[in-house]
Amino acid sequence: MAQDEGRFGRISSCRRAWAPPGVRPQAPRQVVREYSYVTNAVAPAHGTLTSLILPRVNTQMMQVFLQHVAQEYAAYFMVMQVDRAGWHQSKDLVLPDNIRLLPQPAYSPELNPVEHIWEELREKQLHNRAFRSLDAVEETLIVGLNRLDQDPEHVRSMTYFPHFRHLS
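Quick caveat: nothing in here was measured; it's all calculated off a predicted structure.

A. Main features of the overall build of the chain. Helix and strand counts for the chain stand at five helices and five strands. Along the chain, from the amino end to the carboxyl end, the secondary structure elements read β-β-β-α-β-β-α-α-α-α. If you line up the chain on its principal axes, its C-alpha atoms span 60 × 30 × 30 Å. By residue count, 42% of the 168 residues in the chain fall in the buried class. A fraction of 64% describes how many contacts in the chain between residues 6 or more apart in sequence connect residues 24 or more apart. Put simply, the chain shows about 9,900 Å² of open surface, and 52% of that area lies on carbon and sulfur atoms. Averaging the positions of the 18 positive and the 18 negative side-chain charges in the chain gives two centres separated by 8 Å.

As structure tokens, then:
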């Protein structure tokens, strides 16, 4: 598995949009500094993912997420690729019996397949939109994550990197 956290909030980002010739597309813009964090783990070989929307990222939230994954995949022993965030290496983090963390090389987000999940959510669910509340952002994230969860072949095509294929 591979794991990562993504920050999503009410600061909108304008992206290219299709419009008929002669029509200028309009996109709302807002800068409201409210955020939620999605913690996600993906099993690239199977195209499955597990996500939690959490209020922050820290050791305590990572502990909650690892317990959730350990219960959801109780029949498996997992090696989980993580970046080198402080809460992934904290001495206070207690790993479940069926999970081991494998740190990826420093400053190498391109090795983490979950980055493609974030790009897919930002591109397909959140682009050119302004949200009235953080709850609306979270509801949109839930819709996007559920769509991905129901399409394992698409998730697999985005995340099954060569370094995972050699482990299978």
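B. Just the pattern of salt bridges, in detail. Evaluation of the coordinates by the stated rule reveals four salt bridges. One salt bridge in this structure joins K91 and D92, with 3.9 Å as the shortest N-O distance. For the residue pair K91 and D92, the accessibility class agrees, reading exposed in each case. Here E120 and K124 are joined by a salt bridge, their closest N and O atoms 3.3 Å apart. Of this pair, E120 and K124 both sit in helix α2 (residues 114-126), four residues apart, which is roughly one turn of the helix. Assessed through its relative accessible area of 15%, E120 is described here as buried. Here the salt bridges do not stand alone but share partners, grouping E120, E123 and K124 into one network.

C. The arrangement of the nonpolar core in detail. In this structure, F8, I117, W118, L121, L141 and L148 are the most contacted members of the largest nonpolar core, which totals 22 residues. Residue assignment for this core shows that the elements contributing at least two residues are β1 (2-9), β2 (35-43), α2, α3 (134-149) and α4 (152-159). Top contributing element to this core by residue count: α3, with six residues. If we skip the residues at most four places from it in the chain, L148 touches L49, I117, E120, L121, H154, V155 and M158. Counting residues in hydrophobic clusters, the runner-up holds 14 residues, among them M62, L66, V69 and Y73.

D. Up close: the environment of N40. Note on placement: N40 falls in strand β2. Among the residues examined, N40 registers a relative accessible area of 0% and is labelled buried. When the C-alpha atoms of N40 and S51 are compared, they prove to be 4.3 Å apart, with 11 residues separating the residues in sequence. In this structure N40 touches A2, Q3, D4, L49, T50, S51, F65, V114, I117, W118 and L145, once residues within four positions along its chain are discounted. In terms of polar contacts, N40 uses its side chain to reach the side chain of S51, at 2.7 Å.

The rules behind the values
Residues numbered from 1 in each chain as written. Predicted model: local features only at pLDDT ≥ 70, side-chain atom pairs only at ≥ 80, totals over all residues. Heavy atoms only, no water. Helix = DSSP H or I, 4+ residues; strand = E, 2+ residues; numbered from the N terminus. Buried < 20%, exposed > 50% of the residue type's maximum accessible area, 1.4 Å probe, protein only. Contact = heavy atoms within 4.5 Å. Areas by Shrake-Rupley, 256 points an atom, 1.4 Å probe, with all protein chains shown as cover. Lys, Arg positive; Asp, Glu negative; His and termini not counted. Charge placed at Lys NZ, Arg CZ, Asp CG, Glu CD. Salt bridge = Lys/Arg side-chain N within 4 Å of Asp/Glu carboxyl O. Core = buried A, V, L, I, M, F, W, Y, C linked by side-chain atoms within 4.5 Å. Polar contact = N/O pair within 3.5 Å; in protein donor to acceptor, adjacent residues only side chain to side chain.

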